[in-house]
Amino acid sequence: MTSAAGIPAEEVDILVIGGGGSGLATAVRAAQRGARVLVVEKRDRVGGSTALSVGSITAAGTRLQRRAGVQDSPQAFLEDMYAFRPELLEGDAPDLRRLLADEAAATVSWLEELGVAFVGPYPEPPHRVPRMHNVIPNSRSYIARLSAAAERLGVAVRLGTTVGELVVEGGRVTGAVVHGADGDRRVRAGRGVVLASGDFSGNRSMREAFLPPAAAAARPINPHANGDGHRLAQQIGAELRAMDVTFGPQLRFPPPPRTGLIDRLPTWSWLCRVEAFLVQRLPAAALRPFVKSLLITHMSPASTMFEAGAVLVNKHGERFGSPETAVTDLAFQEDGLGYIVFDGAIAQRFNTPPHSISTAPGIAFAYFDDYRRGRPDLVEEATDISGLAVRIGVDSTSLEKSLADSGFTAPYFAMGPVLSMLTVTEGGLRVDGRLRVLTEDGTPVEGLHAVGGVGQGGMLLLGHGHHIGWAMTSGRLVAEALTAPEAD
């Protein structure tokens, strides 16, 4: 059919804007319940920030907890989430936090039904019991299983397609104008439009407008998370919440020159189940090579290295800021890039428990020799400072000056480059318990919903497993709300 304006048009039940974890979860659950769904994704592949994550989901009352004899409840989960940073989380978005606590276990169960394999639960203080469930082999499994389900259920996924504007008729969002390889198209969504476009960490102008300077200057882990849904909804009067909040920036090593062992494993459903079986039952020593591969590929260097005396220098070999501010100040150095420099005594200290360089809570730890063996591209050694400067490509005089009062003795080591990076931003659209987008006076924008990062509604998510837990749970719940009989 063709619209009155001459733009080709099509009709679906639900239009999902964004093909990351939350968008695919929305689409699959809605299609399971009989809806005709179209997903539009601006990139040439689905995955979003979910595909870049380690892949944990924290939940209370799961099958894996029961099997492990863990007694848990959503109320205990809720209380423990607040224990991370009470001064920040108290009152941030209590209804949404309660929703996550109540529904995360059902989301884990639903994902398992789709073939996603988890291991755990693992502990992470201040959670009082083990609640962290880790996907096998990594976060690519979410995308593989959800994509396969979407194809099987007839979900239309249109890649390389952007959204120009939301269409509002009679005060209700009825669809959107999209731009793809086949030109402009007006999509009418009879049941609703769901924004699943992620956070705004990749949008420099939005970072500069809302975030502290160090976070605004840091490199985003997902440069494609451009706040598209924030912009679209704000244009029609939606309220933004907690836009000035982010946890970071943090130090991150760049990706390895070739993918690690875990990243090379296929995500076939049967193989993931076998891997999960083995991970749950094999001795820790047998799994160490696999876990170390994950740790040294995805994790960050611990701040305790600097507390022990390690020095952070920029790409010219210059020390900057104070020991307390150097990590955040790195964002303002040229290319946001530096090196961690230390001596043999510190290397030895971080080669034995309990002093690890990187940690996956409750699972395993990576020490100096793990990096030296598994990421030799990140570790340089020399018998003198000038030799180390040559090996990492910095000015020898500057490095000598930077280490003058360090007390270091040979041998000398450097790890890096290390980057100042922004993982996610916390700010999103204000939403209610049904994931409806709200205006500043609390009025729902009829026909418009938001999930995942863009639908975080002012809820601040600290700790492992909460962001993906919210992405998948909010996607599942909004699909069920839009396909409920009373929604007709």
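Right above here is the structure, for reference.
First, a word on what this report is: a plain description of the structure on this page. (Residues numbered from 1 in each chain as written. Predicted model: local features only at pLDDT ≥ 70, side-chain atom pairs only at ≥ 80, totals over all residues. Heavy atoms only, no water.)

**As for the sheet that holds strand E4 (residues 117–122)**
The sheet built from three strands is open, its strands ordered E3-E5-E4 with antiparallel pairing. The open sheet has two free edges, formed respectively by strand E3 (56–58) and E4, since each of these has just one partner strand. Pairwise comparison of adjacent strand axes, ignoring direction, gives a mean angle of 30° for this sheet. Here E4 runs beside strand E5 (residues 132–136); their pairing, made up of four bridges, is antiparallel. Pairing of Val119 across the sheet is with Asn134, part of E5. (Pairing = 2+ DSSP bridges. Helix = DSSP H or I, 4+ residues; strand = E, 2+ residues; numbered from the N terminus. Axes fitted to C-alpha atoms, helices over the stretch in contact; angles between N-to-C directions.)

**Some details on the packing of aromatic side chains**
Per the stated rule, a full pass over the model turns up six aromatic pairs. With centroids separated by 6.0 Å and ring planes inclined at 65°, the aromatic side chains of Phe200 and Phe210 adopt a geometry described as edge-to-face. Pair noted here: Phe200 is in the loop between strand E9 (183–195) and helix H7 (204–210) and Phe210 is in helix H7, with a separation of 10 residues, a long-range link. Relative to Phe413, the ring of Phe342 has its centre 5.9 Å away and its plane inclined at 20°; by these criteria the two rings are stacked. Of this pair, Phe342 sits in strand E14 (residues 337–343) while Phe413 is found in strand E18 (residues 412–422), placing the two residues 71 residues apart along the sequence. Considered together, Phe342 and Phe413 belong to a single accessibility category, that of buried residues. (Phe/Tyr/Trp six-rings, centres within 6.5 Å; stacked < 30°, edge-to-face > 60°. Buried < 20%, exposed > 50% of the residue type's maximum accessible area, 1.4 Å probe, protein only.)

**With respect to the packing of helix H1 (residues 21–32) against helix H6 (residues 140–152)**
For any two helices packed against each other, the geometry is given by the interaxial angle and the distance between the axes. It is the contact of H1 with H6, at a shortest axis distance of 9 Å, that shows an interaxial angle of 35°. Here the hand of the crossing between H1 and H6 comes out left-handed. Here H1 contributes Gly21, Leu24, Ala25 and Val28 to the contact with H6, which in turn contributes Ile143, Leu146, Ser147, Ala149 and Ala150. Its residues placed into classes, the contact of H1 with H6 shows seven nonpolar, two polar and no charged. (Left-handed = near helix turned anticlockwise from the far one by under 90°. Contact = heavy atoms within 4.5 Å. Nonpolar A, V, L, I, M, F, W, Y, C, P; charged D, E, K, R; others polar.)

**Some words on the pattern of salt bridges**
According to the stated counting rule, one finds 32 salt bridges in the structure shown. Notably, a salt bridge pairs Arg97 with Asp92, separated by 2.5 Å at the nearest N-O pair. Like Arg97, the residue Asp92 is buried in the burial classification. Where Asp369 meets Arg372, a salt bridge forms, and the shortest distance between an N and an O atom there is 3.0 Å. Of this pair, Asp369 and Arg372 both sit in helix H16 (residues 368–374), three residues apart, roughly one helical turn. For Asp369, a relative accessible area of 22% gives the class partly exposed. The exposure class of Arg372 is partly exposed, given its relative accessible area of 35%. A single network of salt bridges, built from pairs that share partners, joins Asp72, Glu79, Asp80, Arg128 and Arg131. (Salt bridge = Lys/Arg side-chain N within 4 Å of Asp/Glu carboxyl O.)

Don't take any of this as a statement about function, it's just geometry.
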